[in-house]
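# Observations on the model geometry
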Amino acid sequence: MRKITFSIPEFYGWPTHLLVGGLLCLLLAGCRSDDQVEPLPAPDDPYAFVAPANFPPATYTFDNNPVSEAGFRLGKRLFFDPILSLDNTVSCNSCHNQSLAFADFPLHPVSIGVGGATGTRNAPQLVNLAFRREFFWDGGATHLDFVPLNAIENPVEMQEEIGRVIDKLNADPEYSGLFGEVFGQNRINTPQLLHALSQFMALMISNQSLYDQHLAGEYSLEPAEARGLALFETHCQGCHSGILLTDESYRNNGLDSSFTDVGRELITAYEGDRGKFMVPSLRNVALTSPYMHNARFNSLQAVLDHYSDGMVDSPSLDPTFRREDGRLGIPLSETEKSDLIAFLKTLTDRNFTNNPLFFKEQ
Amino acid sequence: MCCAARGVIQTVAYFFIFKILNMYLSNYKALCFALSILFVFSACRKEDDVPEPAEPQEFGTFDLVFDNVYGDGELSLVGTDDENFDYVNGNNQDFNITLLGYYITKIELTGPNGEYYADEMATSADPDEVKGFYHVLESDANSRTIRLNEVPAGKYDRVNFTIGVDADAVSEGATGGVLDPAEGGWLWNWDAGYIGFAFEGRSPASPAEATQWAPENAVQLHIGGWKDLPDNPSMVNNVKRNSIPFPSSVSVGERLEPNAHIEMNLLTMIAGPHATVDFSTTFSVHAPALGSEIAKNLATAFTVDHVHQ
């Protein structure tokens, strides 16, 4: 061990340790008064929202609702609690399962609600929501806080009125205590409920797939994966773009020629948007079968078969899919599809789907 | 900008210092150097904290009183099972009124000599922290008077306000108070935003058969929609801003209790310059685009009837 020897040095005639102590006091006192220096979260704090460096800026309004451990855990408790539904049978978790990147089970092609009611669309995965501009297949919600309200009040999902949910929570002494601890108010209200759920969802960041490791130079893609990535860049990245693997636009990808679900037109009331749906993120795509808003395809192979040979025409079909020879879709050989699937599997993030942070507590 | 830059430098300096603290005794010169840098920045920040000396200013209150009327007459609500239809619309169709209300937000008062008051706006999960949003309901007399506090003394001759809840508020996410859907707030969830103006009633002219969205003989006009999208001209923003002159100017001061009576004429809304509503065809408006023409009538439906000094 190195021996530390020290003498008391002089500085303007004052012992330095006093001077240093004095200066430290001064600087600590001096900087308390301004709020511009935010404490940086400790990197090992699992409850701190830390945006990955290569992600776009977060869209979520953390100024109104900073994530705390107590808030996150309250949100998690609510996520798993069927108290949000009419007859206490359906929770968020019923259709959003962590092992599937919070997508629905393959046996539930569309969501299953109170009394076994079936929804009309496939429940999407819940990842990287703090970075998204719009939510749902039709983009009806533009803020994460408003997302759970739709599941709660939808008659074929939780079928419950938000006012009754708030009454049930207020009648529950345990929830009263937990909400009071997080939000410091006497009574639970809607924004507290939605803020707690947003705190839980905001930390659902998926950025540790093999693809991410490849981007960071920590993983060499297998030959098939590398060929698949090249094909992806040529044929898919126009829509599934950026680090979130979606450009968040609304497009018609040729599933139908007439539409029982008009998609984006529901929100815009614009006929040109008929049959358009939000381009989904492809993160964890190998886990989120079935595919498309209407759960048309059960496998990635079936999805690629659709893009190569299965598209049907309609006025709003995305121009990307119109080829010069008049045919529709993306020309892909069977080998190319197999390579693409190899690449798509590198988007699976097991660190995310196995992260104990999101496990139910009891 | 200068402060922000100093903040960054200060943060970096802190980091530097705490690293060096580990080596405190063996490297005290570096520590003293870093501390001196920090001291300089700490010291110069202090100047920003000195508040500007405020001029003594007199303040008063101002009340905006909303009176809902129909044409030249009064307006009153009935229950949803009432079979009397006391009003006649622009298409000679009888109807009654069971619900009427709107959000008033972003209120400003202006005066002839540059007087200016802007009501504070704030969203929060805590209802006590929510400021500047008013849900004016015909069914709640208290809601029809909006008291503005801390209005700088002076003369005022114009009020500006927004009817509805605009993008600034929606983009802040869930909010309490009058915007809380569990407390009667008019939040649309499927196209998340707020209904800015709503009228409901019944009319024999409306279909006797109930539909998925409307009970029998129902008339439900919900005006919502707040989004402007540059690349999508079909998105409808029905949030409107009105600027209405007072018939005469009003003084605000410490011992004064002035008010302005604002009339909202429902007849103008359903038979105004932009839309004359036919209840046999337009009886269930629950989407932004369906309400866009009716929403244009908001521009002239509100007038200042009179002021009280």
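Residues numbered from 1 in each chain as written. Chains lettered and ligands numbered in written order. Predicted model: local features only at pLDDT ≥ 70, side-chain atom pairs only at ≥ 80, totals over all residues.

This part covers the overall build of chain B. For chain B, the helix and strand inventory stands at six helices and 15 strands. The buried share among the 309 residues of chain B stands at 39%. Considering only intrachain contacts with a sequence separation of at least 6, the fraction spanning at least 24 residues in chain B is 73%. (Helix = DSSP H or I, 4+ residues; strand = E, 2+ residues; numbered from the N terminus. Buried ≥ 20, exposed ≤ 12 C-beta atoms within 10 Å, placed from the backbone. Contact = placed C-beta atoms within 7 Å.)

Glancing now at the sheet that holds strand β15 (residues 302–308) of chain B. All names here are of chain B. Taken together, four strands build an open sheet; the order of strands is β6-β1-β13-β15 and the sheet is mixed. The two strands at the open ends of the sheet, each matched to only one other strand, are β6 (145–152) and β15. Here the average twist between neighbouring strands, direction ignored, is 25°. Pairing between strand β1 (residues 59–69) and strand β13 (residues 259–265): seven bridges, direction parallel. Paired with phenylalanine 66 across the bridge in β13 is isoleucine 262. (Pairing = 2+ DSSP bridges. Axes fitted to C-alpha atoms, helices over the stretch in contact; angles between N-to-C directions.)

What follows concerns the confidence of the model for chain A. Of the residues in chain A, 88% have a pLDDT of 70 or more, and the chain-wide mean is 90. Long-range and interchain partners of residues 1–36 of chain A, a stretch whose pLDDT sits below 50, account for 32 contacts in this model, where long-range means more than four residues apart. (pLDDT = per-residue confidence, 0-100.)

When a protein is soluble and globular, its nonpolar side chains tend to lie buried together. Ranked by internal contacts, the top residues of the largest apolar core, which has 123 residues, are Leu193 of chain A together with Val165 of chain B. Looking at this core element by element, the count peaks at eight residues for strand β3 (residues 94–110) of chain B. Contacts of valine 165 of chain B, omitting those with residues within four sequence positions, involve Tyr103, Thr105, Phe133, Val170, Leu179, Tyr194, Gly196, Trp226 and Val239 of chain B. In terms of nonpolar packing, the next biggest core, distinct from the first, is built from 15 residues, Phe232, Tyr307, Leu340 and Phe343 of chain A among them. (Core = buried A, V, L, I, M, F, W, Y, C linked by C-beta atoms within 7 Å.)

Right, let's get into the packing of helix α8 (residues 223–235) of chain A against helix α11 (residues 334–345) of chain A. Residues and elements named next belong to chain A. Running from N to C, α8 and α11 cross one another at 100°; their axes reach a closest spacing of 7 Å. Relative to α11, α8 is oriented roughly perpendicular. Residues Ala224, Glu225, Arg227, Gly228, Leu229, Leu231 and Phe232 of α8 pack against Glu336, Asp339, Leu340, Ala342 and Phe343 of α11. Tallied by class, the residues present in the contact of α8 with α11 amount to seven nonpolar, one polar and four charged. (Parallel < 35°, antiparallel > 145°, perpendicular 65-115°, else oblique. Nonpolar A, V, L, I, M, F, W, Y, C, P; charged D, E, K, R; others polar.)

All names here are of chain A. Running from N to C, helix α2 (residues 69–79) and helix α5 (residues 173–183) point in directions that differ by 145°, and their axes come no closer than 9 Å. Our pair here, α2 against α5, has a crossing hand that is left-handed. For the pair α2 and α5, contact is made by Ala70, Gly71 and Leu74 and by Leu178, Phe179, Glu181 and Val182, respectively. Looking at the contact of α2 with α5, its residues break down into five nonpolar, one polar and one charged. (Left-handed = near helix turned anticlockwise from the far one by under 90°.)

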